[in-house]
Amino acid sequence: ILLLGGGTPSFAVDARFSGFGDVILGLRSDGPADDVELARYEANGSDGWPLNEHDGFTVTGVDFVTIVDLSEELTFLTEANLQTVRGGSSEIEIDIERIFLNYSYSQKVNFQTGLYFTPIGYHNRFLYSRAWLMDSIQIPDLFEEELNLVPTHSVGFMVHGTFPLRSGNSLRYIVNIANGRGPAPNAAIYARDPDGGMEFTWLLEWTIPQFNQSRFGLSGWMDQVDSRYLPEYGDEDPTTSAGLSMDEIGFNPYVVINTHLFHILAEYVWSTREDREGNLPQDEYTMSGFTFEISMRLKEGKLHPYISVRGDTDEGFTRVYIPETQAVMFGAAYDVSSHFRLKTEFVHNMEGHRAENVLMFQAAFGF
């Protein structure tokens, strides 16, 4: 803990500083899971190199988190990611993940405002790009910021709290209102466009402390997307196309079960986008996806062998081509220390544009 401020206690604040990052080595096979999907991606994808496909060494960057206690009730948090730009690039950029104030009025009522991870699901709140905390090396495409199939970040205001139940159980709630998606849905809107809509998200989570904080949650969001309709991939001038307004509704239930022998994580996402203007070839577009992972806790909890299955389907309402994915992965994570984790993972992609088989190694750290 760092003590910052002037010479009198009234100006002093407590600050805590932490960080995390990782290095990956990937060895991929020559052929893609689907040649047609790869050709479509190479023609109209978001980047020349598929996201989260590793061949050779990758340094993803380092996240730095600072938490400052401004008073007993008021906390400020900021998270900055010093990252390398993905897609076969050597560029470096600073990406601000979170900037928010949190006021703790009581256990049942708290307030938060600023930029934060959208309070839906489990991965997006707890495992977003946190290789050090995850068993698997990769986050699912569902929660990939560059794709933003779900709204990963929000700029707004939330109320959250926890109600104690019998036998130590608890019920957590979150209600959030924030800036809606922009014309490019994967871009967070920091300063509100006066013509844009708002985003509403909610979450209910039942936590069972007797099973190492096992939890069952149901969450969802409602949003409005105002953009322009581009009939073909590769169209560059949205100003000459028809206006577009879509209502989006999504649900994100999840289950996390922990025991001293195993860990289970299951999460499902479904959303629908309805055309309000009648300018699209069909009235409604849907997206769905899932992730399921089970891991063991061996060697006094240090060794975590696991198997993970993931998939997602999108009907294609995107400016760039996003292939469907189906993948299964086997691997193991080993905690060398409380701050350093080594992993190895074999990925078999059954669909999509990525290599059919990939072997990866990762060194992840946190402090």
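Residues numbered from 1 in each chain as written. Predicted model: local features only at pLDDT ≥ 70, side-chain atom pairs only at ≥ 80, totals over all residues. Heavy atoms only, no water.

Remarks on the overall build of the protein chain
Inference 1: Helix and strand counts for the protein chain stand at two helices and 18 strands.
Inference 2: Sorting the 367 residues of the protein chain into buried and exposed places 44% on the buried side.
Inference 3: Carbon and sulfur atoms form 60% of the exposed surface of the protein chain, whose accessible area is close to 17900 Å². (Helix = DSSP H or I, 4+ residues; strand = E, 2+ residues; numbered from the N terminus. Buried < 20%, exposed > 50% of the residue type's maximum accessible area, 1.4 Å probe, protein only. Areas by Shrake-Rupley, 256 points an atom, 1.4 Å probe, with all protein chains shown as cover.)

Comments concerning the pattern of salt bridges
Inference 1: In total, this model carries 14 salt bridges according to the counting rule given.
Inference 2: Here Asp-135 ties to Arg-297 by a salt bridge, and the two come within 3.5 Å at their closest N and O atoms. Taken as a pair, Asp-135 in the loop between helix H2 (123-126) and strand S7 (153-164) and Arg-297 in the loop between strand S14 (284-296) and strand S15 (303-314) lie far apart in primary sequence, 162 residues in all.
Inference 3: Glu-248 serves as the salt-bridge partner of Arg-181, at 2.8 Å between the closest nitrogen and oxygen. Of this pair, Arg-181 sits in the loop between strand S8 (170-179) and strand S9 (198-208) while Glu-248 sits in strand S11 (residues 243-251); the two residues are 67 residues apart in sequence, bridging distant segments of the chain. (Salt bridge = Lys/Arg side-chain N within 4 Å of Asp/Glu carboxyl O.)

Examining a nonpolar patch on the surface
Inference 1: Together, Phe-157, Val-175, Ile-177, Met-198, Phe-200, Met-222, Ile-249, Phe-251, Tyr-268 and Trp-270 make up an exposed nonpolar region whose accessible area comes to about 850 Å².
Inference 2: Elements represented by at least two residues in the nonpolar patch include exactly S8, S9, S11 and strand S13 (262-275).
Inference 3: Inspection of the secondary structure puts Ile-177 in strand S8. (Patch = residues over 30% accessible without salt bridge, like charges linked within 9 Å, V, L, I, M, F, W, Y side chains within 5 Å.)

Focus: the environment of Gly-197
Inference 1: You can see Gly-197 is positioned in the loop between S8 and S9.
Inference 2: Taking relative accessible area as the criterion, Gly-197 reaches 9% and is therefore assigned buried.
Inference 3: Between the alpha carbons of Gly-197 and Gly-182 there is a distance of 8.5 Å; along the sequence they are 15 residues apart.

Description of the nonpolar core
Inference 1: The biggest cluster of nonpolar side chains holds 15 residues, and the ones touching the most others in it are Tyr-122, Leu-127, Tyr-254, Val-256 and Leu-265.
Inference 2: Residues within four places of Leu-127 in sequence aside, it is in contact with Tyr-122, Leu-133, Met-134, Ile-139 and Leu-265.
Inference 3: Ranked by size, the runner-up nonpolar core spans eleven residues in total, among them Leu-51, Ile-120, Leu-149 and Met-287. (Core = buried A, V, L, I, M, F, W, Y, C linked by side-chain atoms within 4.5 Å. Contact = heavy atoms within 4.5 Å.)

Side note on the packing of aromatic side chains
Inference 1: One pass over the structure, following the stated rule, counts nine aromatic pairs.
Inference 2: Plain terms: the ring middles of Phe-251 and Trp-270 are 6.2 Å apart, the flat faces sit at 25 degrees to each other, and that makes the pair stacked. Separated by 19 residues along the polypeptide, Phe-251 in strand S11 and Trp-270 in strand S13 bring together distant segments of the chain.
Inference 3: Grouped by ring-pair contacts, the aromatic residues Phe-17, Phe-64 and Phe-367 constitute a single cluster. (Phe/Tyr/Trp six-rings, centres within 6.5 Å; stacked < 30°, edge-to-face > 60°.)

Remarks on the pairing of S13
Inference 1: Bridging between S11 and S13 involves six bridges; their strand directions are antiparallel. Along S13, the bridge assignment pairs Gly-250 with Ser-271.
Inference 2: Taken together, the five bridges between strand S12 (residues 254-258) and S13 define a ladder with antiparallel strand orientation. Among the inter-strand pairings, Ile-257 is bridged to a residue of S13, identified as Ile-264.
Inference 3: Here S12 folds back onto S13 in antiparallel fashion, the turn holding three residues.
Inference 4: By the bridge criterion, 13 bridges tie S13 to S14 in an arrangement that is antiparallel. Looking across to S14, one finds that Leu-265 is bridged to Glu-293. (Pairing = 2+ DSSP bridges.)

What to know about the environment of Asp-22
Inference 1: With respect to the helices, strands and loops of the structure, Asp-22 is situated in strand S2 (residues 13-28).
Inference 2: Taking C-alpha positions, Asp-22 is 9.9 Å from Asp-63, a pair spaced 41 residues apart along the chain.
Inference 3: Beyond its immediate sequence surroundings of up to four residues, Asp-22 is in contact with Thr-58, Val-59, Thr-60, Gly-61, Ala-131, Gln-362, Ala-363, Ala-364 and Phe-365.
Inference 4: For Asp-22, the side chain forms a polar contact with the side chain of Gln-362, separated by 3.3 Å. (Polar contact = N/O pair within 3.5 Å; in protein donor to acceptor, adjacent residues only side chain to side chain.)

A look at the confidence of the model for the protein chain
Inference 1: Of the residues in the protein chain, 90% reach a pLDDT of 70 or more, and the chain-wide mean stands at 87.
Inference 2: Segment residues 1-8 is flagged for pLDDT under 50; beyond a separation of four residues in sequence, or across chains, it makes 16 contacts in the model. (pLDDT = per-residue confidence, 0-100.)

Remarks on unusual backbone geometry
Inference 1: Phi at Lys-299 is positive, roughly 50 degrees, even though this residue is not glycine.
Inference 2: When you line up the elements, Lys-299 lands in the loop between S14 and S15.
Inference 3: We classify Lys-299 as exposed; its relative accessible area is 62%.
Inference 4: Positive phi, normally seen in glycine, also occurs at Glu-300, with a value near 60 degrees.
Inference 5: Owing to a relative accessible area of 80%, Glu-300 belongs among the exposed residues under this scheme.

Observations regarding the side chain of Arg-310
Inference 1: As for its placement among the helices and strands, Arg-310 is situated in strand S15.
Inference 2: Of the buried charged residues, Arg-310 lacks a salt bridge, with Glu-293 as the closest side chain of opposite charge at 4.2 Å.
Inference 3: There is a polar contact of 2.7 Å between the side chain of Arg-310 and the backbone oxygen of Gln-138.
Inference 4: One polar contact links Arg-310 to Ser-308, side chain to side chain, over a distance of 3.4 Å.
Inference 5: Apart from the residues lying within four places of it in its own chain, the contact partners of Arg-310 are Ser-136, Gln-138, Ile-139, Pro-140, Phe-290, Thr-291, Glu-293, Thr-325, Gln-326, Ala-327 and Met-329. (Lys, Arg positive; Asp, Glu negative; His and termini not counted.)

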